[in-house]
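Read off the chains here:
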Amino acid sequence: MELEKISIYNPVTKNVFEQYNLPEIRSAVEAIYLELNNNFEALFKRKELLSLAPIGLIDFTMEITGYEGTGIYKIFYRDNLVVLGEVFTDNLEIDKFFENLVVELKNLYREIPEAPVITINFTKEFYKLEKNNQDMVFSYCRLLGFSTMKVLENHRKIVVN
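We now turn to the structure provided with this report. Just so it is clear, the structure is predicted and the values come from calculations on it, not from any experiment.

### Considering the overall build of the protein
- Counting its secondary structure elements, the protein contains five helices and seven strands.
- Each helix and strand of the protein, ordered N terminal to C terminal, gives the series β-β-α-α-β-β-β-β-α-α-β-α.
- Buried positions account for 49% of the 161 residues belonging to the protein.
- Excluding contacts between residues fewer than 6 apart, the proportion of contacts in the protein whose partners are at least 24 apart in sequence is 57%.
- By element, 54% of the accessible surface of the protein is carried by carbon and sulfur atoms, the whole surface being about 8,800 Å².

### Focus on the pairing of strand 4 (residues 60–67)
- By the bridge criterion, eight bridges tie strand 4 to strand 5 (residues 70–77) in an arrangement that is antiparallel. Bridging from a neighbouring strand, F60 pairs with Y77 of strand 5.
- In this structure, the hairpin formed by strand 4 and strand 5 is closed by a connection of two residues, where E68 is found at a positive phi of approximately 35 degrees.

Basis of the calculations
Numbering of residues begins from 1 in every chain and follows the order in which that chain's sequence is written. For a predicted model such as this one, the threshold for reporting local features is a pLDDT of at least 70, and the threshold for listing and counting side-chain atom pairs is 80 or more; totals across whole chains, interfaces and linings nevertheless cover every residue. Just so you know, side-chain values use all the structure's heavy atoms and leave hydrogens and water out. Numbering of helices and strands runs from the N terminus, with a helix taken as a DSSP run of H or I at least four residues long and a strand as a DSSP run of E at least two residues long. A simple rule labels every residue: compare its accessible area, found with a 1.4 Å probe on the protein chains alone, to the largest value its type can have, and call it buried under 20%, exposed over 50%, or partly exposed in between. Should any heavy atoms of two residues lie within 4.5 Å, those residues are counted as being in contact. A 1.4 Å probe and the Shrake-Rupley method give the accessible areas. Residues count as covered only by the protein chains that appear here. Pairing between strands is defined by DSSP: at least two bridges between the two strands are required.

Next comes the structure, spelled out in C-alpha cells:
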C-alpha cells in the first residue's frame with residue numbers, strides 16, 4: 001500500500017495540514033514501516049507498547065500501540081511528553097474513537113478531516129524545545145503517520161484474504 005497523502009490535524013488549533021508521500025521521504029517511511037511491521041503482533045494484537053528511539057532525535061523516545069485501524073503514539077523528550085497522536089485508517093475508526101470521548105474532547109475533535117488522518121496534540125513541553133527540534137519532531141510525526149497507515153492496511157489485507 002502506498003498512500004499518496006494523509007491529513008494531519010491539530011485538534012487544539014483546528015489546523016489541517018496535508019502531507020504528500022514524496023519520493024524524498026519514502027526511504028524514511030519504509031525504515032519506520034519495517035520496524036513497526038516487525039513488531040506488529042506485540043503492537044497491534046497484544047497491545048504492548050513499543051519503545052523506540054527515533055533516528056536523529058537525541059534524548060527522544062517514542063511509544064506506540066494500537067488496534068486494527070488505529071494507532072496511538074506518544075513522543076517524549078527525556079521524561080516529558082511532547083506529542084500525543086492517533087492514526088486513523090478509515091472513517092469507521094474515527095466514528096469508534098468519537099463514541100468514547102467526553103463532550104469537551106468531542107468539541108476539540110469535531111472538525112477532524114476524513115481518513116486517512118493523523119492527529120497531533122503538542123503539549124506545552126513541545127514548545128519549550130528548540131525550533132529545529134520542533135521541526136524534526138513534526139517531520140517525524142508525518143513519517144510515522146505514513147508508516148503506521150501502511151502497517152495497519154497491509155495487515156488488514158492479510159486478515160481479509
